[in-house]
Amino acid sequence: MRTLLMVGLALLAGPALAEPPAAVPTPSSAWLERQQVAGADEADAAAAKASEAGGAKQRCRVVKEWKVGDTVVKHTLCDEPPKKRNGKV
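A short tour of the structure in this document, coming up. Sequence positions are assigned chain by chain, starting from 1 and proceeding in written order. Per-residue local features are limited, in this predicted model, to residues with pLDDT of at least 70; the limit for side-chain atom pairs, both in listing and counting, is 80 or more; totals at the level of whole chains, interfaces and linings are taken over all residues. Where side-chain values are given, they derive from all heavy atoms of the structure, hydrogens and water being excluded.

### Digging into the overall build of the protein chain
Thought 1: Each helix corresponds to a stretch of at least 4 residues labelled H or I by DSSP, and each strand to a stretch of at least 2 residues labelled E; elements are numbered beginning at the N terminus. Assigned secondary structure in the protein chain consists of two helices and two strands.
Thought 2: From first element to last, N terminus to C terminus, the protein chain shows the α and β order α-α-β-β.
Thought 3: A buried classification covers 2% of the 89 residues belonging to the protein chain.
Thought 4: Looking at the protein chain alone, contacts between residues at least 24 apart form 16% of all its contacts between residues at least 6 apart.
Thought 5: Here the open area of atoms and residues is found with the Shrake-Rupley method and a 1.4 Å probe, where only the protein chains shown may cover a residue. With an accessible surface of roughly 8,600 Å², the protein chain has 61% of that area assigned to carbon and sulfur atoms. When accessible area is computed with a 1.4 Å probe and restricted to protein chains, residues below 20% of their type maximum are described as buried, those above 50% as exposed, and intermediate ones as partly exposed. Two residues form a contact once any of their heavy atoms are found within 4.5 Å.

Printed below as a string of structure tokens:
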């Protein structure tokens, strides 16, 4: 009885195991663009929060600026390195 059950299960699973896995559809370019814009917005928000928390203003200049989709990317150089807060390592 047990061998009959095992043979039956093997015959049922055989065609499913023999088929190649279904190809994963590629996401549309509009979906990818929305994901990139959302990631850039999160990065901008994190940078704004970090700059508010710093307190001291740095003297920085924009060296290079380019546009990626709707996002403007800036490469900046700062004259002075950021200073550490007292009491923190």
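### What to know about the pairing of strand β2 (residues 71-78)
Thought 1: In short, DSSP must find at least two bridges between two strands for them to pair. Here strand β1 (residues 60-68) runs beside β2; their pairing, made up of eight bridges, is antiparallel. Opposite Glu65, over in β2, you have Lys74 as the bridge partner.

### Describing the side chain of Thr71
Thought 1: With respect to the secondary-structure elements, Thr71 resides in strand β2.
Thought 2: If we skip the residues at most four places from it in the chain, Thr71 touches Ala40 and Trp66.

### A look at a nonpolar patch on the surface
Thought 1: On the surface, a nonpolar cluster with roughly 460 Å² of combined accessible area is contributed by Leu5, Met6, Leu9 and Leu12.
Thought 2: Here Leu12 shows up in helix α1 (residues 2-18). For patch detection, residues must exceed 30% relative accessible area and be free of salt bridges, and they are connected within 9 Å for like charges or within 5 Å for nonpolar side chains (Val, Leu, Ile, Met, Phe, Trp, Tyr). Salt bridges are defined by distance alone: a side-chain nitrogen of Lys or Arg within 4 Å of a carboxyl oxygen of Asp or Glu.

### Quick look at the environment of Arg59
Thought 1: With respect to the helices and strands, Arg59 occurs in the loop between α2 (29-54) and β1.
Thought 2: On the accessibility criterion, Arg59 (56% relative accessible area) is exposed.
Thought 3: For the pair Arg59 and Cys78, spaced 19 residues apart in sequence, the C-alpha to C-alpha distance is 5.7 Å.

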